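Observations on the model geometry
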Amino acid sequence: MRLFLAPMEGVVDHHMRRILTQIGGIDMCVTEFIRITSHVLPTRVYHKYCPELPTAPANKGNQNIGALSPVKVQLLGSNADMLAENAVKVCELGASGIDLNFGCPAKTVNKSNGGACLLDHTALLHEIVSSVRNAVPANIPVSAKIRLGYNDRNTYLDNAKAIADAGANELCVHARSKADGYKPPAYWRYIADIKNALTIPVIANGEIWAQADFVACKEQSLCNDFMLGRGLLSKPDLALQIKHHVNGTPYTPMPWHEVQSHVRTFFDVTCDSYPKKHMGNRLKQWLFYLKREYPEAHVLFENIKREKTEETLRAALAVNVS
Ligand SMILES: Cc1cc2nc3c(=O)[nH]c(=O)nc-3n(C[C@H](O)[C@H](O)[C@H](O)COP(=O)(O)O)c2cc1C
C-alpha cells in the first residue's frame, strides 16, 4: 500500500511537504499544478514549485529542503505538444515523475481549457497522455489525476481506459465530478469500476479524514493506494495512523503540543518565502484545517486571524495554547 500527499495549490508547498513527510507515513508527493500554455517554462519556475529537483539551487549542498519522499511534478494544460515539451524539460531537471492534472475545477483554469473541463474530451486526454508518455524517458513514470466527470459522473470509465491505453503508469481518481465540487460524499464505489477495468495502479482520493474513512474507501474502491489531502492537513499524522492500523501496531495520535511545534516551524520557514503583504496567509490556511481536529488550533486561529505582521504573528504563536 502507498499513501500519497495530494497536490494542493496555494497550500501544499515544499515547506508543507517537508513537515508532513517528516512526520511520516507518506510515500509520494505531487507539486501544486503548473500551468502550461504556449511555451516551455523557464527552469526557475520549475525550481520554485519543486525545489526538491536535484538541479534546483536550493537543493545544492544538501540543504534540508522539501519532501523526504519522491515528488512528482504536476502539469496542467490542453496543448499536448507543449505539455510533452515541458515534461521533457522537467525530466531533464531531475523529476521523479510527471503527473497530469485533469481535475482542477477552478473557473479561470477551465475557461482556458485546462483541468476538469478536459474530462468531456476523452480523445484529447488520450492524445495528451500519449504525447507526454512518448516524449519522456521510459523510466520516468507518467500519471494522471482525474475526477469522475465534469457535469456528471458518466465519463470516468472511458476516460480512465483512454488514459491507461495511452500509456499512463498510474491513475489517481478524485471520486467526485467537477460539479460535485468538494461537497461530501466522495463516491468511492465508482473507483472500483475503474480498478476492475485497468491493469495499472489506481489511487483512490477524496474525503479520507480519518482511519475509518480509509477503511471504508479501501472496501469500496478496491484500491491499494490512496491519496490524502485535507485530511493530512487537519491530522498531520493521518498517514502514520493509517500505516499503523494496516500493520496492526499500536499508535497514539499526535498531541497538540507536537502539532504546535510543527506549526511554529512552518511559520518560521515560510516567512521569507512569500511576499510580506501575504504574511501569515499560509499559516492561517493550515490552522483552518487543523481546527477541524484540534480545539487548540481553533483558539490559535482566532488569536491570529487579523494579524498581518511577522512580529504580531510570532508573538501570538509563542503563546502556548491549551
Ligand atoms: C486548496 C486546494 C488546492 C488544490 N490544488 C490541487 C492541485 O494543484 N492539483 C490537483 O490535482 N488537485 C488539487 N486539489 C485537489 C486535491 O488534490 C484532492 O483531490 C481533493 O482535495 C480531494 O482530496 P481530499 O478530500 O483528501 O482533500 C486541491 C484541493 C484543494 C482543497
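In what follows, the accompanying structure is described. (Residues numbered from 1 in each chain as written. Predicted model: local features only at pLDDT ≥ 70, side-chain atom pairs only at ≥ 80, totals over all residues. Heavy atoms only, no water.)

**Observations regarding the overall build of the chain**
Helix and strand content of the chain: 14 helices and 9 strands. Viewed in the frame of its principal axes, the chain has a C-alpha envelope of about 55 × 45 × 35 Å. The buried share among the 322 residues of the chain stands at 56%. The contacts in the chain between residues at least 6 apart in sequence include a share of 69% that link residues at least 24 apart. Accessible surface, the chain: about 13,800 Å² in total, of which carbon and sulfur atoms supply 51%. For the chain, the distance from the average site of its 36 positive side-chain charges to the average site of its 31 negative ones is 4 Å. (Helix = DSSP H or I, 4+ residues; strand = E, 2+ residues; numbered from the N terminus. Buried < 20%, exposed > 50% of the residue type's maximum accessible area, 1.4 Å probe, protein only. Contact = heavy atoms within 4.5 Å. Areas by Shrake-Rupley, 256 points an atom, 1.4 Å probe, with all protein chains shown as cover. Lys, Arg positive; Asp, Glu negative; His and termini not counted. Charge placed at Lys NZ, Arg CZ, Asp CG, Glu CD.)

**Looking at the packing of aromatic side chains**
Under the definition given, this model contains 7 aromatic pairs. Between Tyr 156 and Tyr 190 the ring centres are 5.3 Å apart and the planes differ by 65°, which places this aromatic pair in the edge-to-face class. Of this pair, Tyr 156 sits in helix H6 (residues 156–165) while Tyr 190 sits in helix H7 (residues 188–197), and the two are 34 residues apart along the sequence. A residue is classified by how much of its surface remains accessible, and Tyr 156, at 10% relative accessible area, is buried. Where Phe 214 meets Phe 226, the ring centres are 4.9 Å apart and the plane angle is 75°; that geometry is what we call edge-to-face. In this pair, Phe 214 sits in helix H8 (residues 211–221) while Phe 226 sits in strand E9 (residues 225–228), placing the two residues 12 residues apart along the sequence. For Phe 214, a relative accessible area of 1% corresponds to the buried category. Ring pairs connect the aromatic residues Tyr 156, Tyr 187 and Tyr 190, which therefore count as one cluster. Taking NZ or CZ as reference, Lys 291 lies 5.0 Å from the ring centre of Phe 301, over its face. Sitting above the plane of the Trp 209 ring, Arg 292 keeps its charged end 3.5 Å from the centroid. (Phe/Tyr/Trp six-rings, centres within 6.5 Å; stacked < 30°, edge-to-face > 60°. Lys NZ or Arg CZ within 6 Å of the ring centre and 35° of its normal.)

**Observations concerning the packing of H8 against helix H10 (residues 238–247)**
For the pair H8 and H10, the least separation of the axes is 9 Å and the interaxial angle reads 60°. On the basis of the axis angle, H8 is oblique to H10. Two packed elements cross with a definite hand, and for H8 against H10 that hand is right-handed. Here Gln 211, Phe 214 and Val 215 of H8 come into contact with H10, specifically with Leu 238, Gln 241, Ile 242, His 245 and Val 246. Tallied by class, residues from the contact of H8 with H10 come to 5 nonpolar, 3 polar and no charged. (Axes fitted to C-alpha atoms, helices over the stretch in contact; angles between N-to-C directions. Parallel < 35°, antiparallel > 145°, perpendicular 65-115°, else oblique. Left-handed = near helix turned anticlockwise from the far one by under 90°. Nonpolar A, V, L, I, M, F, W, Y, C, P; charged D, E, K, R; others polar.)

**A look at the site of the ligand**
Near the ligand you find 19 residues, and of these Glu 9, Gln 74, Asn 205, Glu 207 and Arg 230 are the closest. Contact between the ligand and Glu 207: an oxygen atom at 2.7 Å from a main-chain N or O atom of the residue. Considered on its own, the ligand offers 610 Å² of accessible surface; in the complex 89% of this is hidden by protein. Taken together, the residues of the shell around the ligand break down into 8 nonpolar, 6 polar and 5 charged. (Near = heavy atom within 4 Å. Polar contact = N/O pair within 3.5 Å; in protein donor to acceptor, adjacent residues only side chain to side chain.)

**Things to note about the nonpolar core**
Nonpolar side chains in soluble globular proteins generally cluster together in the buried interior. With 101 residues, the main nonpolar core has Tyr 46, Leu 75, Ile 98, Phe 102, Val 132, Leu 171 and Leu 287 as its most contacted residues. Ranked by residue count, the leading element in this core is helix H3 (residues 80–92), at 7 residues. In contact with Tyr 46, not counting residues within four places along its chain, are Ile 34, Ile 36, Leu 41, Leu 53, Val 73, Leu 75, Asn 86, Lys 89, Val 90 and Leu 93. Residues Ala 6, Met 28, Cys 172 and Ile 203 belong to the second largest nonpolar core, which totals 7 residues. (Core = buried A, V, L, I, M, F, W, Y, C linked by side-chain atoms within 4.5 Å.)

**Considering the side chain of Gln 260**
By secondary structure assignment, the location of Gln 260 is in helix H11 (residues 256–270). We classify Gln 260 as buried; its relative accessible area is 3%. Those residues in contact with Gln 260 that lie beyond four places of it in its chain are Leu 317, Val 319, Asn 320 and Val 321.

**Re H3**
Given a rise of 1.5 Å per residue, 13 residues ought to cover 18 Å, and the 18 Å separating the end C-alpha atoms of H3 matches this to within 8%. If you check which residues of H3 are buried, you get Ala 80, Met 82, Leu 83, Ala 84, Asn 86, Ala 87, Lys 89, Val 90 and Cys 91. Looking at the packing, one finds that the buried side of H3 touches helix H2 (43–49), strand E4 (71–76), strand E5 (98–102) and helix H5 (122–135). One side-chain oxygen of the residue at the start of H3 lies 3.2 Å from the amide nitrogen of Asp 81, identifying that residue as Asn 79. Looking at the residues trailing H3, positive phi occurs at Gly 94, about 105°. (Expected span 1.5 Å × (residues − 1).)

**Quick notes on the pattern of salt bridges**
Any two side chains of opposite charge can pair, so long as their charged atoms come close to each other. Following the criterion strictly, the structure yields 15 salt bridges and no others. Lys 235 is the salt-bridge partner of Glu 293, the closest N and O atoms lying 3.3 Å from each other. You can see Glu 293 sitting in the loop between helix H12 (281–290) and helix H13 (295–304) and its partner Lys 235 sitting in the loop between helix H9 (230–234) and H10, a full 58 residues away along the chain. With a relative accessible area of 12%, Lys 235 lands in the buried category. In this structure, the salt-bridge partner of Glu 310 is Arg 314, at a minimum N-O distance of 2.9 Å. Remark: Arg 314 and Glu 310 occur in helix H14 (residues 310–318); sequence separation between them is 4 residues, near one turn of the helix. (Salt bridge = Lys/Arg side-chain N within 4 Å of Asp/Glu carboxyl O.)

Any functional reading would require information that these geometric values do not contain.
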